[in-house]
Protein chains: 2
Amino acid sequence: MSERSYCGKLTEERIGEQVLLKGWVQKRRDLGGLIFIDLRDVSGLVQIVFNPAISQDALKKAESVRSEFVLEVKGKVVAREESTINENMTTGKLEVEAEELTILNKSETPPFGIQDNLDTTEEIRLKYRYLDLRRKPMQETFKLRHRTTQAIRNFLNEEDFLEMETPMLTKSTPEGARDYLVPSRVHPGEFYALPQSPQLFKQLLMVGGFEKYYQIARCFRDEDLRADRQPEFTQIDIETSFMTKDDIIEMMERMMKKVMEEVKGLDVTTPFPRMKYDEAMERYGSDKPDTRFAMELVNVSEIVKDSGFKVFSGAVESGGKVSGLNVKGSAKDFSRKNIDQLTEFVKIYGAKGLAWLKAEEGQLTGPISKFLTEQEVEDIQSLMSVEDGDLLLFVADKTKVVYESLGALRLKLGKELGLIDESKFNFLWITDWPLLEYDEESGRYFAAHHPFTMPSPGALEKFHTAPDQIKAEAYDLVLNGYELGGGSLRIHEKELQEKMFEALGFSKEEANEQFGFLMEALEFGAPPHGGIALGFDRFIMLLAGRNNLRDTILFPKTASASCLLTEAPSEVDEAQLKELNLKHRE
Amino acid sequence: MSERSYCGKLTEERIGEQVLLKGWVQKRRDLGGLIFIDLRDVSGLVQIVFNPAISQDALKKAESVRSEFVLEVKGKVVAREESTINENMTTGKLEVEAEELTILNKSETPPFGIQDNLDTTEEIRLKYRYLDLRRKPMQETFKLRHRTTQAIRNFLNEEDFLEMETPMLTKSTPEGARDYLVPSRVHPGEFYALPQSPQLFKQLLMVGGFEKYYQIARCFRDEDLRADRQPEFTQIDIETSFMTKDDIIEMMERMMKKVMEEVKGLDVTTPFPRMKYDEAMERYGSDKPDTRFAMELVNVSEIVKDSGFKVFSGAVESGGKVSGLNVKGSAKDFSRKNIDQLTEFVKIYGAKGLAWLKAEEGQLTGPISKFLTEQEVEDIQSLMSVEDGDLLLFVADKTKVVYESLGALRLKLGKELGLIDESKFNFLWITDWPLLEYDEESGRYFAAHHPFTMPSPGALEKFHTAPDQIKAEAYDLVLNGYELGGGSLRIHEKELQEKMFEALGFSKEEANEQFGFLMEALEFGAPPHGGIALGFDRFIMLLAGRNNLRDTILFPKTASASCLLTEAPSEVDEAQLKELNLKHRE
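Here is a short report on the structure shown in this document. (Residues numbered from 1 in each chain as written. Chains lettered and ligands numbered in written order. Predicted model: local features only at pLDDT ≥ 70, side-chain atom pairs only at ≥ 80, totals over all residues. Heavy atoms only, no water.)

Thoughts on the overall build of chain A
- When you go through chain A residue by residue, the secondary structure sums to 17 helices and 24 strands.
- Scored against the burial criterion, the 586 residues of chain A give a buried share of 58%.
- Here the contacts in chain A between residues at least 6 apart in sequence split such that 67% fall between residues at least 24 apart.
- Within chain A, the 101 negative side-chain charges are centred at a point lying 4 Å from the centre of the 76 positive side-chain charges. (Helix = DSSP H or I, 4+ residues; strand = E, 2+ residues; numbered from the N terminus. Buried < 20%, exposed > 50% of the residue type's maximum accessible area, 1.4 Å probe, protein only. Contact = heavy atoms within 4.5 Å. Lys, Arg positive; Asp, Glu negative; His and termini not counted. Charge placed at Lys NZ, Arg CZ, Asp CG, Glu CD.)

Structural notes on the sheet that holds strand 22 (residues 482–489) of chain A
All names here are of chain A.
- With mixed pairing, the eight strands of this open sheet are ordered in space as 7-10-11-23-22-21-18-12. Two strands bound the open sheet, and with one partner strand each, they are strand 7 (162–163) and strand 12 (274–276).
- Looking at chain direction, strand 18 (residues 427–431) and strand 21 (residues 474–479) are connected through five bridges and run antiparallel. Among the inter-strand pairings, Ile430 is bridged to a residue of strand 21, identified as Asp476.
- Each of strand 10 (212–220), strand 11 (232–241) and strand 23 (529–535) is contacted by helix 5 (residues 199–207), which is oriented at about 20 degrees to strand 11, the strand it contacts most.
- Lying over the sheet, helix 16 (residues 536–543) contacts strand 11, strand 21, strand 22 and strand 23, oriented at roughly 140 degrees with respect to strand 22. (Pairing = 2+ DSSP bridges. Axes fitted to C-alpha atoms, helices over the stretch in contact; angles between N-to-C directions.)

Things to note about the interface of chain A and chain B
- Taken together, the contact pairs 121 residues of chain A with 121 residues of chain B.
- Its largest share of buried area at the contact with chain B, chain A owes to A:Glu165, A:Phe524 and A:Arg585, together 8% of the area lost on that side.
- Residues A:Asp222 and B:Arg185 are paired through a salt bridge, measuring 3.1 Å at the closest nitrogen-oxygen approach.
- Along the contact surface separating chain A from chain B lie 76 residue pairs in polar contact (both at pLDDT 80 or more). (Buried area = accessible area lost by both parts, 1.4 Å probe. Salt bridge = Lys/Arg side-chain N within 4 Å of Asp/Glu carboxyl O. Polar contact = N/O pair within 3.5 Å; in protein donor to acceptor, adjacent residues only side chain to side chain.)

Structural notes on the pattern of salt bridges
Residues and elements named next belong to chain B.
- Across all of its chains, the model carries 105 salt bridges over all chains by this definition.
- Linking Arg40 and Glu68 is a salt bridge whose minimum nitrogen-to-oxygen distance equals 2.8 Å. In this pair, Arg40 is assigned in strand 2 (residues 34–41) and Glu68 in the loop between helix 1 (56–62) and strand 4 (70–79), connecting sequence segments 28 residues apart. For the pair formed by Arg40 and Glu68, the shared burial category is buried.
- For Asp333, the salt bridge identified is with Lys332, shortest N-O distance 4.0 Å.
- Take Asp333: its relative accessible area is 46%, and that puts it in the partly exposed class.

Some details on the environment of B:Lys328
Residue and element names in this part refer to chain B.
- Along the polypeptide, Lys328 turns up in the loop between strand 13 (321–327) and helix 10 (336–347).
- By relative accessible area, which is 42% here, Lys328 ends up partly exposed.
- In sequence terms Lys328 and Met295 are 33 residues apart; their C-alpha atoms lie 8.0 Å from each other.
- In this structure Lys328 touches Ser385, Glu387 and Asp390, once residues within four positions along its chain are discounted.

Examining the packing of aromatic side chains
Residue and element names in this part refer to chain A.
- If you walk through the whole model with that rule in mind, you get 39 aromatic pairs over all chains.
- Pairing Phe452 with Phe515 gives two aromatic rings, centres 5.4 Å apart and planes at 75 degrees, and the pair type is edge-to-face. A residue pair is termed long-range when its members are at least 10 positions apart, and Phe452 in the loop between strand 20 (444–447) and helix 13 (462–465) and Phe515 in helix 15 (residues 508–521) qualify at 63 residues.
- With relative accessibility at 2%, the residue Phe515 sits in the buried group. (Phe/Tyr/Trp six-rings, centres within 6.5 Å; stacked < 30°, edge-to-face > 60°.)

Quick word on the pairing of strand 19 (residues 436–439) of chain A
- For strand 19 of chain A and strand 20 of chain A, the ladder comprises four bridges, and the chain directions are antiparallel. What sits directly across from A:Leu436, in strand 20 of chain A, is A:Ala447.

Here's the deal with helix 10 of chain B
Residue and element names in this part refer to chain B.
- Spanning twelve residues, helix 10 covers 16 Å between terminal C-alpha atoms, matching the ideal 16 Å at 1.5 Å per step.
- For helix 10, the full list of buried residues reads Ile339, Leu342, Thr343, Phe345 and Val346. What you see down the axis of helix 10 is that its buried residues fit within an arc of 160 degrees, all on one side. (Expected span 1.5 Å × (residues − 1). Arc of directions from axis to C-beta.)

This is the structure:
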């Protein structure tokens, strides 16, 4: 009986056995001279009974016990009486009669109960994270995270990948997001940067002949935070040599299939659908469409391009477009006030307004209906599959605004109207991305993915003539409307990499100073290579059915990048700064 | 034939098959109108033959091929003629007749050959690390590293450990080594620190009820570097709740046994020997003794405490000691000049001199022999098991100096005289460590391990009376004279943790400011817990039979903490510093 048993794993087969248990007091109840304690360990709960007929001494000690005390209990597993069986508890048919009790540690009254549903602020949860983590939903999330990690590793190990560790103290490069910097003491005035991703190192490993690399890598971005961003995050980082785009996509599909099966017990269908970037934007107004529901954008530009409704025809005339959503059967549920609220919503995305029509008795009614010809009405009804009771919502604007506003509106309505089947896991590849994106503000092109992405065949001649028409050998994996990850083939020839830097507005000197080591590596027999990086925290969030990235990270930071538990960041000694040859400004 | 085969895996069974190969040119030879290329991929080598009778076109292309070009070859596996079989090559009995050749990428002439033994500087290797990594010894090391990682994970997963990720952007604490700091942009004037180890977070996970944690964790120390130190390093980090010291030790032994079996095919005997710290110092002059050879330190203080040789008796009188090494059978191999060199060596460790005696014809001869009585000579001969031809070396000094100098001398002689059986893997536990160490310079006690180490029973009363007599519930794992890792039970009660900080000279305020969150966590039902951390890079170094830590890290830093490949650290834009509210001094 010196070997410990786990509370949640006790079964009826063990009735009559002596056991040794260790864990925390979930709950104590005193009843008719007896004390009942629900004891909790990593495996679950079991009820302990302290009975004066079994041990006066144990009962006496149990009287001092409070919630979250840490106990060691020796006792006998017994069956519960029929009337006291608890069907909601895995071990609800039995209990343990305590013979000996040792209090291993005491506990103050915790600031919140260790229970599934909490009625406290996230600030308090984060400050007492070690208590928050004791709650079952959190324990389950991190067990799931562990299982997912191992499932991915096992898959990749079987595919002959090598797990490899790239440096955290790396070189700062202005391209991309803002780096976290680390001052060097040995080289005063110089800095390391924490990696935004192991991108260049994994490419160098391909040049180094390893062929199949993976890492579950911590990455860092010093950006302003949103609900789905953290200063440090984890990505499944993969790179391969000699594989085609289809090879990589097919392998990732097998990986996801295996993970979904092992972790969620779900059989997802492969191959995953693939959609070109342009089509995704046109149909969903998004490069990461949630395909768990329809209500797609319908482009009515052709129908209304000469319309008497000048908002419509004007948008088309000036190079923009008019698209609409058919909110099936919702005409009666949306008052003018409701629609005004939707109008305010699309304005966030730069839309100037939201036109609407309701389908009633074969007609389309609403403030704009009087501007539409009978033919236009008929064509809209046909193109948008309109039936009586439908609500039609339109945005007429620059293409980008139409996509962003209707894409967001589609998601909002999808959620609010309950159109989304939450049990679904819809994987989708987005392919044929643009290579470059023009930034109006800075008046230059940026890499849509990153500057190492391979352009699609035929790009070379377009770099000078039509850079925005160059496509990339890139593929993003989307799950339920979230970007799970992005990958691409990489440039493995020095000349092409130089062209790319040139297109991004780098001078030869700038390119060399920042990426000279990469371009030199490409001169020594770099193999064709490509890979992918998957956002692991987000994947866990989706697998665990949570909607907050912080619930998937053990010790997350707040929106102001603080740790409420340890109070990092904090001030440091002047002597430490002096060693780094730094001082505060002003 | 669209599926790729691997060069090094082709076997005679595949003779006659068409294959598709991809890889690098290891070597090209032109011979009698034919071209022979050794093609290398991640799996190994195979010989390709370009024969005009098979393909004129492939032969023509092959003429332009140089070392390290990247090729795709289609061809047929054929048996080599008896006379051309290469027994030194796994695939030496066959070759591939090239039918098609595609040059996937060219290569400049590399700065050094991709061969096992290099005749170049480490600087050049590090600058062209991607070429260095193509060499077989490096490929093998990182494959071994991968296998070791997975063997450890598989073991821990089967023991129900959860792999968990703790933060990299943490709080700076002055205790311990020097932190790498990361300035915060959102909180100007404040800093994160990169973790020296996940110590506090793993303890908080125990408070959080997870019970069994592990992580293959990157850690950081901004210390001046030696051959076996790197600014960032990897440790196998383990923590458990409710386990005893023996439980943890026994589990680690099973883990090591499994790893050695899986990775090296060796059956190591468990349990590993255990030795108390005091005994290790007394017998080996080291807290990490290399037990692959004997030549232990022999304490002759009792014999010589009243000796006429005042160097000996004086050392004992003033509280120090006299110990010696018996270098078996080496009397004739060490001239006075040799011994003078050894004397210079022990002076590095603070010893004032090295006394010596040679055993000849039952006598001890040498400059100090005239000061020794017959009885003293006899007792030394007996205690040190002296036989004719032995060389005896003595240091008489403060205990610490005797241990350090003779410990180092023992290792030096062990290596130089070839006493070490390099095929052995000698694991050893060092236990019963001191809890505190007095530092003369700062006039205060420091934690011998870290401030969270559990003192052995009975410590409380000694904190004020005899702090240096307190032992710790700590255990170090030693392998072949290297500290592989250190572990301990941790303090889980707030009062004891307060006492510990007090003994370390912390005021209440200082303790609270730095470790308040830990002490608060201990108030809410912290379970008894303990763990261990193993230096993974060093373990790989020993497993791979290397003697340089840099050979076990993909992209290591130099002794001045620079990356010669990427040239990190580097200067950053003034704008980046400004965002962090920092500027350079002076």
